[in-house]
Structures are given as structure tokens and as C-alpha cells.
Amino acid sequence: MALELWQTLKEAIHAYTGLSPVVFFTALALAFAIYQVISGWFASPFDDVNRHQRARSLAQEDEPPIPQPIQVGEITEEELKQYDGSDPQKPLLMAIKHQIYDVTQSRMFYGPGGPYALFAGKDASRALAKMSFEEKDLTWDISGLGPFELEALQDWEYKFMSKYAKVGTVKVAGSEPETASVSEPAENVDRDAHVTTTPEKTAVDKSDEAPAETELKNE
């Protein structure tokens, strides 16, 4: 039965196309390949968009849900290092100008393997101001920076304040500027005033005594 069908098909192909079955099926396969190539050139851009959206949705389904920000309060730099993303069970934290922000939602940028991973778990204010990735700039110390660098740091701070939740502060020994006592300058002023007025008073007293000494000599 199968041989009869094949024989009938070969006769039909030869009758309608004038080609042998081998040539006919080869030409058919070639035409299909060319069609696939050409249709790929003129594919709709919406197909790529839909493909990326499907891939993104699948990736989001695979990722664990982002936990709610947890307040850590005032912690030291050493304690902040525990939140550098190496432990997936802990939030991902980063500080700017001693203010700690939860950047867990941007783990792809600040987490392990991300382009800004070296900033995580640190107060990297100086590095952000200079856009530096050097180890020496991974510090909160922004002394000596120029106005443009300080402006860049301010932009980073505004971005973090508007996008991420503030969860604490970094306690750094010696980071607070020393303030002079209020009573001490007043004492100095009083002391200076006393020193200044004393010679004047002495001069006045001597000038008052001078006529008396003259009258005694005249007598």
C-alpha cells in the first residue's frame, strides 16, 4: 500500500512539475530555508520586546521576594561590612555621608558580581564623589574634595534618598568635628579687656597724681 502511494506521488510530481522527486524535495527544503532567513530579517520589533518581557518575568519568578527594610540603628563600620551581599539572608546595605540605605532591590548592581559591588557594606562617600574604584577611596572621608566632586556626591545622596529606605547611621570614631567651648572665648575677651583697660586706668591715675607732685615741688 505504501509503495503504491509513493509511486502515485512520484508520478504526480513528475506530471505537474516535470522534476524528479529528489530534485523536487530538495528545492522545497531550500525554499523553506530561504523563507526562514528572509522572515528573520523583517521580523517585527514587538517580537523582541515580547521575548525580553517573557524572559524578565521568568527571571523575576525565580528571584526570591525582596524583604522589607529593617532598621539597624547606629552601627560601626565593621558591623556594616556584614551587609555586603555575601550573605543572601541579610539585607544589602550601603552608606553615604554616614547615612545607611537598604539597596537590596538593586542587588544586580550592588550585590556580588555587580558593577558597584565594592561599594556595598561600606561608606564609600569619597569613591562616589570621585567615581573611583580604588581601594583607598572607599572611605567616608571627603576632606580635600573640589566643588564638582562634592556636587556629584550630593547627586548620589539625593538619588539614594529618593529611591532607597534609610535604615541607620554609621558610627565612626573621630568623624565629628571638634566644637570649641562657648564660655572660653568669653573668658578670653574679659581677660583681654582687663589687660587693655588696666594700663589706661593706670595712665589716668598717674595723670591725676602728676599735678599733686608738681605742687609739692613748688612748695
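In what follows, the structure referred to is the one given above.
Just so you know, these numbers come straight off a predicted model, no measurement behind them.

Visitor: Explanation requested: the overall build of the protein in the structure shown.
Guide: Scanning the protein from terminus to terminus reveals eight helices and four strands. Nonlocal contacts in the protein, meaning residues at least 24 apart in sequence, comprise 55% of its contacts between residues at least 6 apart.

Visitor: Would you explain the side chain of R126 in this entry?
Guide: Within the secondary structure layout, R126 lies in helix α6 (residues 125–130). In this structure, R126 is in contact with D137, T139, D141, I142, S143 and L145, ignoring residues within four places of it in sequence.

Visitor: Got a minute to help me understand the nonpolar core in this structure?
Guide: Most often, soluble globular proteins have nonpolar side chains that are buried together. M94, I96, V103, Y110, F119, L128 and F160 are the most contacted members of the largest nonpolar core, which totals 18 residues. Mapped by element, the contributors of at least two residues to this core are β2 (93–96), α6 and α7 (147–163). Those residues in contact with F119, other than ones at most four positions away along the chain, are M94, A124, A127, L128, S132, F133 and L138. By size, the runner-up hydrophobic cluster in this structure holds nine residues, among which are Y83, L93, I100 and V167.

Visitor: I would appreciate a short explanation of the pattern of salt bridges in the present structure.
Guide: Should their charged atoms come close, side chains of opposite charge can pair. Counted under the stated rule, the structure contains five salt bridges. Here E78 makes a salt bridge to K81, at a shortest N to O gap of 3.2 Å. Taking the relative accessible area as the measure of exposure, E78 reaches 54% and is therefore exposed. The exposure class of K81 is partly exposed, given its relative accessible area of 42%. Between E134 and K136 there is a salt bridge, with the nearest N and O atoms lying 3.6 Å from each other. When its relative accessible area of 63% is taken as the criterion, K136 is described as exposed. Taken together, the shared-partner salt bridges in this structure form one network comprising R126, K130 and D137.

Visitor: What exactly am I supposed to notice about the pairing of strand β3 (residues 99–102) here?
Guide: Within a regular strand, the side chains alternate between the two sheet faces. Taking every second residue as pointing to the same face, both faces of β3 are buried, with Q99 and Y101 on one and I100 and D102 on the other. One ladder, built from four bridges, connects β2 with β3; its direction is antiparallel. When the bridges of β3 are listed, M94 appears paired with Y101. The hairpin turn running from β2 into β3, its antiparallel successor, is two residues long, and K97 in that turn takes a positive phi close to 55 degrees. Here β3 pairs with strand β4 (residues 165–171) via four bridges, running antiparallel. From the neighbouring strand, I100 faces β4, where its bridge partner is G168.

Visitor: Hey, could you run me through the packing of aromatic side chains in this one?
Guide: How two aromatic rings sit relative to each other is given by the distance of their centres and the angle of their planes. All told, the structure shown has nine aromatic pairs when counted by the stated rule. For the pair W156 and F160, a centre-to-centre distance of 6.1 Å together with 55 degrees between the ring planes defines the contact as tilted. Of this pair, W156 and F160 are both found in helix α7, four residues apart, which corresponds to roughly one turn of the helix. On the basis of relative accessible area, F160 is assigned to the buried category, the value being 0%. One aromatic cluster is present, built from ring pairs that chain together Y101, Y110, Y116, F119, F133, W156, F160 and Y164.

So, how was this worked out
Residues numbered from 1 in each chain as written. Predicted model: local features only at pLDDT ≥ 70, side-chain atom pairs only at ≥ 80, totals over all residues. Heavy atoms only, no water. Helix = DSSP H or I, 4+ residues; strand = E, 2+ residues; numbered from the N terminus. Contact = heavy atoms within 4.5 Å. Core = buried A, V, L, I, M, F, W, Y, C linked by side-chain atoms within 4.5 Å. Buried < 20%, exposed > 50% of the residue type's maximum accessible area, 1.4 Å probe, protein only. Salt bridge = Lys/Arg side-chain N within 4 Å of Asp/Glu carboxyl O. Pairing = 2+ DSSP bridges. Phe/Tyr/Trp six-rings, centres within 6.5 Å; stacked < 30°, edge-to-face > 60°.

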